[in-house]
Amino acid sequence: MNYIKVTSKGSCFFGGKRITLEGNDPVKMRYWPGGPELNYDPNGDFQAGQMYVQYTRLADPVVPYPVCMIHGGGGTGALWESTQQGTPGWEFMFLENGFHVNVSDGVERGRASWAQFPQINPVPPMFNSYAERWTTYRLGERLGEPYPGSRFDASKFDDLIKQQVPRWTTSIPMAQEAYNAYIASMKDGCILLAHSQGGLFALNAALACPQNVKAIVLIESSSTLDVTQTDVSSLKDIPFLFVWGDFLGEAYRSERYTWIGDFAYTKTMRSLHEKILDLGGCSQWLHLPEMGIRGNTHAMMIEDNSRQIADMVCDWLKAQLARPARL
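1. Here's the deal with helix 6 (residues 262–278)
With 17 residues, helix 6 extends 23 Å from end C-alpha to end C-alpha; this agrees with the ideal 24 Å at 1.5 Å per step. Of all the bends in helix 6, the greatest measures close to 40 degrees and is centred on M269. Within the sequence span of helix 6, burial applies to D262, A264, Y265, T268, M269, L272, H273 and I276. Lining the buried residues of helix 6 we find helix 5 (198–208), strand 8 (213–219), strand 9 (240–244) and strand 10 (283–287). Residue G280 follows helix 6 closely and has a positive phi angle near 90 degrees.

2. Some thoughts on the nonpolar core
Among the nonpolar cores identified, the biggest contains 48 residues, and Y182, L192, I216, F240, W244, M269 and L272 are the most heavily contacted of them. Per element, the largest residue contribution to this core is 6 residues, and it comes from helix 4 (residues 172–184). The contacts of L272, once residues within four sequence positions are left out, are L203, L225, V227, V232, F240 and F242. The next biggest cluster of nonpolar side chains, apart from the first, holds 43 residues, and it includes V67, M301, I302 and W316.

3. Describing the packing of aromatic side chains
In total, this model carries 18 aromatic pairs according to the counting rule given. Relative to F157, the ring of Y130 lies with its centre 5.5 Å away and its plane at 90 degrees, an arrangement referred to as edge-to-face. Separated by 27 residues along the polypeptide, Y130 in helix 2 (residues 130–136) and F157 in helix 3 (residues 157–163) bring together distant segments of the chain. By relative accessible area, which is 5% here, F157 ends up buried. An aromatic cluster is built from F240, F242, W244, Y265 and W285, whose rings are joined through pairwise contacts.

4. Focus: the pattern of salt bridges
Applying the stated rule across the entire model yields 11 salt bridges. Here R138 ties to E220 by a salt bridge, and the two come within 2.6 Å at their closest N and O atoms. With R138 in the loop between helix 2 and helix 3 and E220 in the loop between strand 8 and strand 9, the pair connects residues that are 82 residues apart, well separated along the chain. One exposure class covers both R138 and E220, and it is buried.

5. Quick look at the sheet that holds strand 1 (residues 6–21)
Overall, mixed pairing links the 8 strands, which are arranged 1-4-6-5-7-8-9-10 in an open sheet. For this open sheet the edge positions go to strand 1 and strand 10, each flanked by a neighbour on one side alone. Neighbour-to-neighbour, the strand axes of this sheet turn through a mean angle of 15 degrees, independent of strand direction. Sheet topology note: the strand 9/strand 10 ladder contains 5 bridges and is parallel. Opposite F242, over in strand 10, you have W285 as the bridge partner.

6. So, the state of the cysteines
By the definition in use, this model includes 0 disulfides. No disulfide involves C314; its nearest neighbouring cysteine sulfur is the one of C68, lying 14 Å away. A residue is classified by how much of its surface remains accessible, and C314, at 0% relative accessible area, is buried.

7. Comments concerning the layout of surface pockets
Put simply, the largest pocket is a space of about 500 Å³. Lining the largest pocket we find 26 residues, and of these R167, S196, Q197, S222 and I260 sit closest to its centre. Among the elements of the structure, helix 2 and helix 6 are those that each provide at least two residues to the lining of the largest pocket. Considering each element in turn, the lining of the largest pocket owes the most residues, 4 residues, to helix 2. When its residues are assigned to classes, the lining of the largest pocket shows 9 nonpolar, 13 polar and 4 charged.

8. Description of empty space enclosed by the protein
Applying the stated rule across the entire model yields 1 cavity of 30 Å³ or more. There is about 50 Å³ of room inside the largest cavity. Taken together, the residues that form the lining of the largest cavity break down as 4 nonpolar, 3 polar and 1 charged.

9. Here we look at the environment of S171
Here S171 lies in the loop between helix 3 and helix 4. It is 9.4 Å that separates the C-alpha atoms of S171 and P122, two residues lying 49 residues apart in sequence. Leave out the neighbours within four places in its chain, and S171 touches E108 and N121. Polar side-chain contacts of S171 include one of 3.0 Å to the side chain of E108. Polar side-chain contacts of S171 include one of 3.1 Å to the backbone oxygen of W168.

10. Details of the packing of helix 4 against helix 5
How two helices pack is summed up by the angle between their axes together with the distance between the axes. As a packed pair, helix 4 and helix 5 sit with axes 9 Å apart at the nearest point and diverge in direction by 55 degrees. One element, helix 4, and the other, helix 5, form an angle in the oblique class. In terms of crossing hand, the pair formed by helix 4 and helix 5 is right-handed. Packed against helix 4, whose contacting residues are I172, A175, Q176, Y179, N180 and I183, the element helix 5 presents L200, F201, N204, A205 and A208 at the interface. When grouped by side-chain class, the residues that make up the contact of helix 4 with helix 5 number 8 nonpolar, 3 polar and no charged.

The rules we used
Residues numbered from 1 in each chain as written. Predicted model: local features only at pLDDT ≥ 70, side-chain atom pairs only at ≥ 80, totals over all residues. Heavy atoms only, no water. Helix = DSSP H or I, 4+ residues; strand = E, 2+ residues; numbered from the N terminus. Expected span 1.5 Å × (residues − 1). Bend = angle between axes of the 7 residues up to and from the residue. Buried < 20%, exposed > 50% of the residue type's maximum accessible area, 1.4 Å probe, protein only. Contact = heavy atoms within 4.5 Å. Core = buried A, V, L, I, M, F, W, Y, C linked by side-chain atoms within 4.5 Å. Phe/Tyr/Trp six-rings, centres within 6.5 Å; stacked < 30°, edge-to-face > 60°. Salt bridge = Lys/Arg side-chain N within 4 Å of Asp/Glu carboxyl O. Pairing = 2+ DSSP bridges. Axes fitted to C-alpha atoms, helices over the stretch in contact; angles between N-to-C directions. Disulfide = S-S within 2.5 Å. 1 Å grid on protein atoms, 1.4 Å probe; cavity = no way out; pocket = protein on both sides within 12 Å on 5 of 7 lines; lining within 4 Å. Points joined across faces, edges and corners; volume = space filled by probe spheres on them. Nonpolar A, V, L, I, M, F, W, Y, C, P; charged D, E, K, R; others polar. Polar contact = N/O pair within 3.5 Å; in protein donor to acceptor, adjacent residues only side chain to side chain. Parallel < 35°, antiparallel > 145°, perpendicular 65-115°, else oblique. Left-handed = near helix turned anticlockwise from the far one by under 90°.

Rendered as structure tokens:
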């Protein structure tokens, strides 16, 4: 085992604002079984729209910039903490590779807490079913039937479902404001590593504050950023790495199953990659099967070769950003 020297670990919040609610009827409830019946007043001042960030700092990092790990839709920062095998996940792997690491829970995910429904969010939350997560994570065409050669351990699918949290389709503007505040605070620089829907927040935050972003790694980003409608020239000096797994494209489309992220794979993210190159920037597109690495799904960071992929990303970051070796 590689030993790492951690100098600090803590957490903080970004974004959010104080919101006053009034005109709601009191609710009679017991705060605990057998306790007295009390009147809960849902009126007053509340905080909403904040995100949570946990940070870990090393004594001797390879670069001074933290890797900001951003989860996808319906998920939390738990995605980066452990693999399906029960071993430390990408958070620890990146620390072992010499990087400071930040792990965040976006607005209304995990430790960031929720805002009231319907007073602040006008629509109810969406909950992720087994069937929806099976196809969203591209585990197979039918629930319970993995693609042949898949590296995802279907016997541990329950563990992935336990990580999933409700998501509100109306909170995206609040979430983006929080991510923008988060990245704007990184005045000494940061590296963005985003998965799935997290790519949307990462890219928009980078556009809002490109001077703070030193590199962007997009792990199967499902962002709908359209380079024909959005000026991305401010990102041309930021190195980009796009990473994609297996079971993508025409061969895996059918009447029963079309992966939602295919649009990003074939259109929006491919166009962004090509646009960065056209602008004279640095962008690399890694389709793992083309490199002989087969079987990875949308959950590649928890699968049995997650270390291989993490080390590959870290090596790329070091090549782009790491300081020269000391004499």
